[in-house]
Amino acid sequence: QVQLIESGGGLVQAGGSLRLSCAASGRSRSSYPMGWFRQAPGKEREFVAVISWSGGTSYYDDSVKGRFTISRDNAKNTVYLQMNNLKPEDTAAYYCAARRGGSTPRIASAYDYWGQGTQVTVSL
C-alpha cells in the first residue's frame, strides 16, 4: 500500500508560479511511475504529467507543455510539479497518483494509488 499526500496549492495571479509536492509513504514507493492529474468542477479528471520511476522519462499534456515541469527526488520519496506562467484555465484540484508497473500511462484508470488533492486557483 502507498499513501500520497499533496501540498503546495493555493491562490495565484495569472502569470504566476506554484510548486506542488507529493510525498509518498509505504512499500516500494520509489519504484513507481508517478503522475499528476487535475479536475475542475463539472469536468472529468484529466492528465497533466507523468514521470518514470527513475525520473529519466516524462510526458506532458499539450496544454501544459513548456509551462509545467515534473520531477522527483527518490531519496525524499517526493514528486514535484513546477507550474509557471499559470493561466485561469489551470484552476483545478490537482492530484498525484502512483502506478504499480513500469509504464507511464496518461489515463487515470491506470493508476493504483491517489492522494487527496490540492486546490490551485488562478485569478486574472
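All values derive from a computational prediction rather than experimental measurement. (Residues numbered from 1 in each chain as written. Predicted model: local features only at pLDDT ≥ 70, side-chain atom pairs only at ≥ 80, totals over all residues. Heavy atoms only, no water.)

Help me understand the overall build of the chain, please; the structure alone is not making it clear to me.
A count of helices and strands for the chain gives zero helices and 11 strands. Going from the N terminus to the C terminus, the chain shows its helices and strands as β-β-β-β-β-β-β-β-β-β-β. Its C-alpha atoms give the chain a radius of gyration of 13 Å, within 12% of the compact-globule value 14 Å for 124 residues. Looking at the chain residue by residue over its 124 residues, the buried ones come to 43%. Taking the contacts inside the chain whose residues are at least 6 apart along the sequence as the reference set, 57% of them involve residues at least 24 apart. Only carbon and sulfur atoms are counted for the fraction: they give 46% of the accessible area of the chain, which is about 6200 Å². The centroid of the 14 positive side-chain charges in the chain is displaced by 7 Å from the centroid of its 9 negative side-chain charges. (Helix = DSSP H or I, 4+ residues; strand = E, 2+ residues; numbered from the N terminus. Rg over C-alpha atoms; globule rule 2.2 N^0.38 Å. Buried < 20%, exposed > 50% of the residue type's maximum accessible area, 1.4 Å probe, protein only. Contact = heavy atoms within 4.5 Å. Areas by Shrake-Rupley, 256 points an atom, 1.4 Å probe, with all protein chains shown as cover. Lys, Arg positive; Asp, Glu negative; His and termini not counted. Charge placed at Lys NZ, Arg CZ, Asp CG, Glu CD.)

Hey, could you run me through the sheet that holds strand S3 (residues 18-26) in this one?
Sheet strands pair via backbone hydrogen bonds, and the direction of the pair is either parallel or antiparallel. The strand order across the open sheet formed by four strands is S1-S3-S8-S7, and the pairing between neighbours is antiparallel. For this open sheet the edge positions go to strand S1 (2-7) and strand S7 (68-73), each flanked by a neighbour on one side alone. When the angles between neighbouring strand axes are averaged without regard to direction, this sheet yields 15°. Where S3 lies against strand S8 (residues 78-83), six bridges are found, and the strand directions are antiparallel. The residue bridging Leu-20 from the neighbouring strand is Leu-81, located in S8. (Pairing = 2+ DSSP bridges. Axes fitted to C-alpha atoms, helices over the stretch in contact; angles between N-to-C directions.)

Explain unusual backbone geometry here, please?
In terms of backbone geometry, most residues other than glycine have negative phi values and most peptide bonds are trans. In this model, Asn-77 sits at a positive phi of 55°, which is unusual for a non-glycine residue. For Asn-77, the location among the structural elements is in the loop between S7 and S8.

Where do I start with the packing of aromatic side chains in this structure?
Any aromatic ring pair is given by two values, namely how distant the centres are and how the planes are angled relative to each other. Tallied over the full model, the rule gives five aromatic pairs. Here a set of aromatic residues connected by ring pairs shows up, and it is made of Phe-37, Phe-47, Tyr-111 and Trp-114. A cation over a ring is seen here: Arg-45 above Tyr-95, with NZ or CZ 3.8 Å from the ring centre. The ring of Trp-114 has Arg-45 lying over it, and the distance from NZ or CZ to the ring centre is 4.8 Å. (Phe/Tyr/Trp six-rings, centres within 6.5 Å; stacked < 30°, edge-to-face > 60°. Lys NZ or Arg CZ within 6 Å of the ring centre and 35° of its normal.)

Is there a simple way to think about the pattern of salt bridges in this case?
Here the idea is simple: oppositely charged side chains can pair when their charged atoms come close. Using the criterion set out here, one finds five salt bridges in the structure. With a shortest N-O distance of 2.6 Å, Arg-38 and Glu-46 are connected by a salt bridge. Judged by relative accessible area, Arg-38 falls into the buried class, the value being 5%. Its relative accessible area of 38% is what places Glu-46 among the partly exposed residues. Notably, a salt bridge pairs Asp-62 with Lys-65, separated by 3.0 Å at the nearest N-O pair. Here the salt bridges do not stand alone but share partners, grouping Arg-38, Glu-46, Arg-67 and Asp-90 into one network. (Salt bridge = Lys/Arg side-chain N within 4 Å of Asp/Glu carboxyl O.)

As far as function goes, none of this settles anything; it's purely spatial.
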